[in-house]
Number of protein chains: 2
Amino acid sequence: MMAAVVTGRCFGVGVGPGDPELMTVKALRILRTSPAVAYFSATGRSSNARQIVSEFLTPDQEELHLVYPVTTEGLPMGQDYEAVMAKFYDASADRVAGVLSRGQDVAVLCEGDPLFHGSFMYLHNRLSDRFPTEVVPGVPSILAGSAVLGTPLVCLDEVLSVLSGTLNPADLEARLVESDAAVIMKVGRNLEKVRQAVTRAGLLNRAWYVERATMAGERVMRLDQVDPASSPYFSMVVIPSRLAPTR
Amino acid sequence: MMAAVVTGRCFGVGVGPGDPELMTVKALRILRTSPAVAYFSATGRSSNARQIVSEFLTPDQEELHLVYPVTTEGLPMGQDYEAVMAKFYDASADRVAGVLSRGQDVAVLCEGDPLFHGSFMYLHNRLSDRFPTEVVPGVPSILAGSAVLGTPLVCLDEVLSVLSGTLNPADLEARLVESDAAVIMKVGRNLEKVRQAVTRAGLLNRAWYVERATMAGERVMRLDQVDPASSPYFSMVVIPSRLAPTR
């Protein structure tokens with residue numbers, strides 16, 4: 001009679017927006033008890049998610065650093081981006097599966113929340129039918145943004161739109177016009193396009209720029225004050241609630 | 001020469017969606033070190049936020065229970081809802097200010113996040129110009145919803161709309177039609193209206209009903225399976241990402 005193989009569990013762990021203290025108690029517990037941690041990063045960059053939790057990692061934890069092979073901009077001629085990325089996610093899932101198959105848990109570190117604009121979904125859909133998988137939600141960057149602004153994001157009957165700065169200018173403008181409150185994520189090099197869309201939608205006077213919310217180097221200013229050359233990828237534009245009471 | 005009066009600090013503390021372990025480390029620290037805690041509830045009801053943190057409270061902490069005098073439905077004839085509520089928030093802010101003026105910190109407990117559909121804004125706008133005020137963001141219920149579903153909420157270029165079940169049916173339908181992904185909060189007794197709007201928007205086959213996410217009594221089912229008589233206020237409808245990969 002063979003012993004049953006007990007596999008490890010795959011945790012998608014939201015580590016919050018930047019301040020390590022904004023991790024949940026559950027995220028911290030799972031991080032501390034997982035023999036292995038995994039995280040994505042761009043080539044030549046460190047992982048923001050790993051940076052957030054670095055003080056809690058120990059030398060005996062195995063680290064799976066999953067390095068994106070390309071970015072949309074840096075693709076060699078003749079290669080299909082979708083195909084290259086699918087192959088990369090397959091290989092990443094295989095690395096995680098290798099640890100899980102040995103019976104060890106893996107904490108996949110995700111900035112903010114695992115299922116809100118993140119890469120965890122590419123592991124989740126490749127692993128969750130074979131291994132026990134659990135998602136630990138986290139504080140998303142958009143709520144770190146309203147916290148540092150000290151302004152209600154949305155209230156009462158209002159509609160909040162969460163938009164991506166990668167949308168085309170006409171779509172961005174149209175979505176903004178019909179929003180009571182909005183957050184635009186993935187601003188970075190899209191800043192000038194985003195600012196023009198916000199301006200055309202008549203919302204520039206309500207728009208804030210927030211960079212590295214709750215982290216060292218946090219910057220908060222009115223959108224019309226930002227130098228476009230200075231905007232990193234992890235910045236956002238926040239157009240808070242219209243109806244919320246002000247001081 | 002008089003000694004300067006050092007006032008306490010007012011913290012808006014997001015306690016997360018329900019599971020006490022989904023509080024942030026910072027929320028827990030502030031909760032444990034604040035001599036006083038404040039929370040809202042309806043008349044005759046306990047506070048959900050207090051319930052979430054109850055295991056961490058100690059008998060020596062002062063509790064300010066701020067009880068709503070009325071609901072929209074229960075207003076006596078001839079009284080103006082806005083005026084009654086403004087008076088209530090004034091009195092609530094006065095109670096919190098009384099503690100702050102003695103030099104003691106107050107943690108205002110907020111389900112989910114303090115500035116995302118919450119009553120904390122009514123204290124914040126009455127206190128933040130007189131007392132040091134800080135917002136501690138929390139995990140919002142909408143991300144607890146996607147976590148228990150195990151389905152990406154939004155990804156890539158998609159637009160996420162966060163809607164209130166209190167919207168009128170035509171607005172709900174129009175907003176849903178144009179959304180890539182959506183969450184409808186404050187469902188409760190609006191369930192049948194919400195379901196009709198989702199159906200007319202052609203989204204019933206993608207819609208999930210989530211109640212008490214991450215709490216005891218959690219229920220998850222397809223929206224077309226829900227008995228409207230059974231839906232509490234703190235339930236939501238989640239229409240996850242269209243583009244996210246599935247298993």
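What you are looking at is a predicted structure, and each value in this text was computed from that prediction instead of being measured.

**Structural notes on the overall build of chain A**
Step number 1: Looking only at helices and strands, chain A features seven helices and ten strands.
Step number 2: The globule rule puts the C-alpha radius of gyration for 247 residues at 18 Å, and the 20 Å found for chain A is close to it.
Step number 3: For chain A, the proportion of its 247 residues judged to be buried stands at 55%.
Step number 4: Counted over contacts in chain A with a minimum sequence separation of 6, partners at least 24 positions apart contribute 70%.
Step number 5: Accessible surface for chain A amounts to roughly 10,700 Å². Of this, 52% is attributable to carbon and sulfur atoms.

**Observations regarding the sheet that holds strand β1 (residues 10–14) of chain B**
Residues and elements named next belong to chain B.
Step number 1: The sheet built from five strands is open, its strands ordered β3-β2-β4-β1-β5 with parallel pairing. The strands lining the two open edges of the sheet, one partner per strand, are β3 (62–67) and β5 (133–136). Ignoring which end each strand starts from, the neighbouring axes of this sheet average 20 degrees apart.
Step number 2: Bridge count between strand β2 (residues 36–41) and β3: six bridges; the pairing is parallel. Pairing of F40 across the sheet is with L66, part of β3.

**Side note on the nonpolar core**
Step number 1: Of all hydrophobic cores here, the largest spans 32 residues; its most connected members are A:F116, A:L160, B:F116 and B:L160.
Step number 2: Apart from residues lying up to four places away in sequence, B:F116 is in contact with A:L143, A:L153, A:V154, A:L160, B:P140, B:I142, B:V162 and B:M185.

**Things to note about empty space enclosed by the protein**
Step number 1: Under the criterion given, the structure shown has two cavities of 30 Å³ or more.
Step number 2: Estimates place the volume of the largest cavity at around 60 Å³.
Step number 3: Around the largest cavity sit A:F116, A:P140, A:I142, A:L143, A:V162, B:F116, B:P140, B:I142, B:L143, B:L160 and B:V162, which together line it.
Step number 4: Elements with a contribution of two residues or more to the lining of the largest cavity: α5 (141–149) of chain A together with α5 (141–149) and β6 (160–164) of chain B.

**Observations regarding the relation of the copies chain B and chain A**
Step number 1: Superposing chain B onto chain A takes a rotation of 180 degrees combined with a translation of 0.0 Å along the rotation axis, leaving an RMSD of 0.0 Å. Taken together, the rotation and translation describe the operation of a two-fold axis. Considering only C-alpha atoms, the residue of chain B closest to the rotation axis is B:T24, which sits at 1.9 Å.

**Some words on the domain arrangement of chain A**
Residues and elements named next belong to chain A.
Step number 1: Along its sequence, chain A is carved into domain 1 (10–136) and domain 2 (141–239).
Step number 2: Computed over C-alpha atoms, the centres of domain 1 and domain 2 are 26 Å apart.
Step number 3: Between domain 1 and domain 2, the contact holds nine residues from the first and eleven residues from the second.
Step number 4: Carbon and sulfur atoms make up 66% of the area that domain 1 and domain 2 hide from each other, which totals about 800 Å².
Step number 5: Among the residues domain 1 hides against domain 2, the three largest losses belong to P17, F116 and H117. Together they make up 53% of the total.
Step number 6: The interface formed by domain 1 and domain 2 holds zero salt bridges in total.
Step number 7: Here domain 1 and domain 2 share two residue pairs in polar contact (both at pLDDT 80 or more) between them.
Step number 8: Split into classes, the residues belonging to the side of domain 1 that touches domain 2 amount to three nonpolar, three polar and three charged.

Reading guide: rules and limits
- Residues numbered from 1 in each chain as written.
- Chains lettered and ligands numbered in written order.
- Predicted model: local features only at pLDDT ≥ 70, side-chain atom pairs only at ≥ 80, totals over all residues.
- Heavy atoms only, no water.
- Helix = DSSP H or I, 4+ residues; strand = E, 2+ residues; numbered from the N terminus.
- Rg over C-alpha atoms; globule rule 2.2 N^0.38 Å.
- Buried < 20%, exposed > 50% of the residue type's maximum accessible area, 1.4 Å probe, protein only.
- Contact = heavy atoms within 4.5 Å.
- Areas by Shrake-Rupley, 256 points an atom, 1.4 Å probe, with all protein chains shown as cover.
- Pairing = 2+ DSSP bridges.
- Axes fitted to C-alpha atoms, helices over the stretch in contact; angles between N-to-C directions.
- Core = buried A, V, L, I, M, F, W, Y, C linked by side-chain atoms within 4.5 Å.
- 1 Å grid on protein atoms, 1.4 Å probe; cavity = no way out; pocket = protein on both sides within 12 Å on 5 of 7 lines; lining within 4 Å.
- Points joined across faces, edges and corners; volume = space filled by probe spheres on them.
- Least-squares fit on C-alpha atoms with pLDDT ≥ 70 in both.
- Domains from an automatic or database assignment.
- Buried area = accessible area lost by both parts, 1.4 Å probe.
- Salt bridge = Lys/Arg side-chain N within 4 Å of Asp/Glu carboxyl O.
- Polar contact = N/O pair within 3.5 Å; in protein donor to acceptor, adjacent residues only side chain to side chain.
- Nonpolar A, V, L, I, M, F, W, Y, C, P; charged D, E, K, R; others polar.

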